[in-house]
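# A structural walkthrough
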Amino acid sequence: MGKTKYIISTGGLPVGNHEFEFEVTGKFFEEQGAEDVNDANVSVKATLLKQNNVLQLDFDIQGTVAVNCDRCLKEFDFPIECHEHLIVKYGKPEESNDEVLMIPEGETQLNVTQQMFEYILTAIPARRVPCEIDKKKFKCDQEVLQKLNENSTSVESTEDNPIWEKLNKIKLNKN
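The model shown is predicted, which means the values in this text are computed figures rather than measured ones. Along every chain, residues carry numbers that run from 1 in the direction the sequence is written. At least 70 in pLDDT is required for a residue's local features to be given in this predicted model, at least 80 for side-chain atom pairs to be given and counted, and no such filter applies to totals for whole chains, interfaces and linings, which use all residues. Side-chain metrics in this entry use all non-hydrogen atoms of the structure; hydrogen atoms and water are not considered.

## Some thoughts on unusual backbone geometry
Here is the rule we go by: Strands are runs of DSSP state E lasting at least 2 residues, helices are runs of H or I lasting at least 4, and numbering of each runs from the N terminus. Burial status follows relative accessibility: with a 1.4 Å probe on protein chains alone, a residue under 20% of its type maximum counts as buried, one over 50% as exposed, and anything between as partly exposed.
Backbone geometry places Leu-73, a non-glycine residue, at a positive phi of 70 degrees. In this structure, Leu-73 sits in the loop between strand 4 (54-68) and strand 5 (75-90). Judged by relative accessible area, Leu-73 falls into the exposed class, the value being 59%.

Given below as structure tokens:
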């Protein structure tokens, strides 16, 4: 994927707190292969506490990501804000887990691309229907909703189809 700009150089840093800032745009998600995010304007502030054998990172993530409404597919900017904590230790990378990231002994750079990607994606809710949150600020695309309603009525007419007869009997028995 080439050179990344989401790298923290830890080699020459003295013990103590250090701050790093990153800007995340739509290109970031495109490079990561995220199909749900159309664009982004996110600021990430990473505070690194360097200790002798441990690095602690606190991520403060704020901004907006452009995603599609699950109901009408209209694009909208969803505001995100989250705070995440990551502990980094030196050792065998295969021993990493959800709480601790292990990096090889003597490593002087820390690539935080994957962590930032995961943190931002998990800040976006699974169900995205903004008109349910704020009807004044966001209006669904009525043309798309009308087409969906037309298609759903044509599906309902298949209930008389003999293929569905047994399933309808099961459905009726459960009620």
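## So, a nonpolar patch on the surface
The following threshold applies: Only residues whose relative accessible area exceeds 30% and that form no salt bridge are eligible for patches; like-charged ones are grouped when within 9 Å, while nonpolar side chains (Val, Leu, Ile, Met, Phe, Trp, Tyr) are grouped when within 5 Å. For the area figures, the Shrake-Rupley method with a 1.4 Å probe applies, and any residue is considered shielded solely by the protein chains shown. We define a salt bridge as a side-chain nitrogen of Lys or Arg found within 4 Å of a carboxyl oxygen belonging to Asp or Glu.
Residues Ile-163, Trp-164, Leu-167 and Ile-170 make up a contiguous nonpolar surface patch of about 430 Å² in total accessible area. As for its placement among the helices and strands, Trp-164 is situated in the loop between helix 4 (142-156) and helix 5 (165-174). Among the residues examined, Trp-164 registers a relative accessible area of 41% and is labelled partly exposed.

## Some remarks on the sheet that holds strand 3 (residues 39-50)
Convention followed: When DSSP locates at least two bridges between a pair of strands, those strands are taken to pair. Axis geometry follows a simple rule: fit a line to the C-alpha atoms, using only the stretch in contact for helices, then measure angles between N-to-C directions, giving values from 0 to 180 degrees.
Taken together, the 5 strands give an open sheet; going across it, the order is 2-3-4-5-6, and neighbouring strands pair in mixed fashion. Edge positions in the open sheet fall to strand 2 (16-25) and strand 6 (100-103), since each of these has one partner strand only. Adjacent strand axes in the sheet meet at a mean angle of 25 degrees, parallel and antiparallel pairs treated alike.

## Details of the pattern of salt bridges
What the rule picks out here adds up to 3 salt bridges. In this structure, Glu-31 and Lys-27 form a salt bridge, with 4.0 Å as the shortest nitrogen-oxygen distance. Placement of both Glu-31 and Lys-27 in helix 1 (residues 26-32) is noted, with a separation of 4 residues, approximately one turn of the helix. The class for Glu-31 is partly exposed, based on a relative accessible area of 40%. With its nearest N and O atoms 3.9 Å apart, the salt bridge here joins Asp-36 to Arg-128. Taken as a pair, Asp-36 in the loop between helix 1 and strand 3 and Arg-128 in the loop between helix 2 (113-123) and helix 3 (130-133) lie far apart in primary sequence, 92 residues in all. Here Asp-36 falls in the partly exposed class, since its relative accessible area comes to 48%.

## Details of the packing of aromatic side chains
Just so we agree on the cut-off: Only Phe, Tyr and Trp rings take part, Trp by its six-membered ring, and two of them pair if their centres are within 6.5 Å. Stacked means planes under 30 degrees apart, edge-to-face means over 60, and tilted covers everything else.
Per the counting criterion, the structure on display carries 7 aromatic pairs. Plain terms: the ring middles of Tyr-6 and Phe-28 are 5.0 Å apart, the flat faces sit at 80 degrees to each other, and that makes the pair edge-to-face. On the criterion of sequence distance, the pair formed by Tyr-6 in the segment before strand 1 (7-9) and Phe-28 in helix 1 is long-range, its members being 22 residues apart. Here the two residues Tyr-6 and Phe-28 agree in accessibility, since each one is buried. Owing to a relative accessible area of 2%, Phe-28 belongs among the buried residues under this scheme. Put simply, the rings of Tyr-6, Phe-22, Phe-28, Phe-29 and Phe-117 pair up and form one aromatic cluster.

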